[in-house]
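Understanding the architecture of this molecule
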Amino acid sequence: MSRTRTALALGMAAAGALSVASVTASAAPSPLAGSTTVTPAGHSFKATLSGKATLKAGSVTVTCSVSVSTGTVPAAPGNHNAAGPVSSPISPPTYSSCTASLPGVTPTVTTSGAWSVSMQDGSPITATMTVPVGGLVLKTTGLASCTVTAAPTAAANVGGTWANGAPSSLTFTNASVPVKVTGGFGCPTSATSSVFNAVYLVADSTDPAQQITVGP
């Protein structure tokens, strides 16, 4: 996926342990992530928005009905990681046919830079989309002129889930994205994060008869 999802690598939470002998809290080592394999190796894929994508910053919500990104599964053996996620570069997701919750306001979304998505096998299968610094900029015109910049100071990881299927799907539910908002009256300039929701259907564009699949 390119232009419109977050290096996407998720770690498991470390478990806290209490030493009974010394009655002192100590952190147990984090369990190693399991193996991940994305297939078919070397195949290109296309992620297409299903339904609508929403980005909410403060009291303003922007809704887009068209979004597409493309990418390629790493060639073997890069499509397998014995102890962690498999990452793929994607094109900056494109967003169009967008509307704003503020009346009299027209939003435009532009994306740029090196985006990527990583998959980690598990229950559920987790996905992380990495947004590069300033990789998504939302501007509104009309009654309120605002600029919302995602990942304003550092690359941001946006967490989601993956489901194998025909086609497979990538879902972001209330995912947090750091933002900086500038503008005048009506702009949520105090907001430092936004909430992103979207579902993408991911199809194999090298061989449409096959499916992009994540496994151990």
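What you see is a predicted model; the values in this text were computed from it and never measured.

**Considering the sheet that holds strand β3 (residues 36–39)**
Strand order in the open sheet formed by 3 strands is β7-β3-β18, with antiparallel pairing between adjacent strands. For this open sheet the edge positions go to β7 (80–81) and β18 (213–215), each flanked by a neighbour on one side alone. Two elements, β3 and β18, share 3 bridges in a ladder whose sense is antiparallel. By the bridge assignment for β18, T37 is matched with G215.

**Focus: the nonpolar core**
Grouped together as the largest cluster of nonpolar side chains are 47 residues, with contacts concentrated most on Y95, L170, F196 and Y200. The dominant element in this core, judged by the number of residues it contributes, is strand β16 (residues 168–183), at 6 residues.

**So, the state of the cysteines**
For the coordinates displayed, the defined rule picks out 2 disulfides. Two residues share a disulfide in this structure: C64 and C98, whose sulfurs sit 2.0 Å from each other. Disulfide C64-C98: torsion about the S-S bond near 105°, hence right-handed. Note that C64 is positioned in strand β6 (residues 60–72) and C98 in strand β9 (residues 94–100), a separation of 34 residues in sequence. Like C64, the residue C98 is buried in the burial classification. With a sulfur-sulfur separation of 2.0 Å, C146 is cross-linked through a disulfide to C187. One quick way to see it: the torsion about the S-S bond of C146 and C187 is about -90°, and its sign makes the bridge left-handed. Of this pair, C146 sits in strand β14 (residues 146–150) while C187 sits in the loop between β16 and β17 (193–204); the two residues are 41 residues apart in sequence, bridging distant segments of the chain.

What counts and how
Residues numbered from 1 in each chain as written. Predicted model: local features only at pLDDT ≥ 70, side-chain atom pairs only at ≥ 80, totals over all residues. Heavy atoms only, no water. Pairing = 2+ DSSP bridges. Helix = DSSP H or I, 4+ residues; strand = E, 2+ residues; numbered from the N terminus. Core = buried A, V, L, I, M, F, W, Y, C linked by side-chain atoms within 4.5 Å. Buried < 20%, exposed > 50% of the residue type's maximum accessible area, 1.4 Å probe, protein only. Disulfide = S-S within 2.5 Å.

These results come straight from atomic positions and should not be treated as a statement about function.
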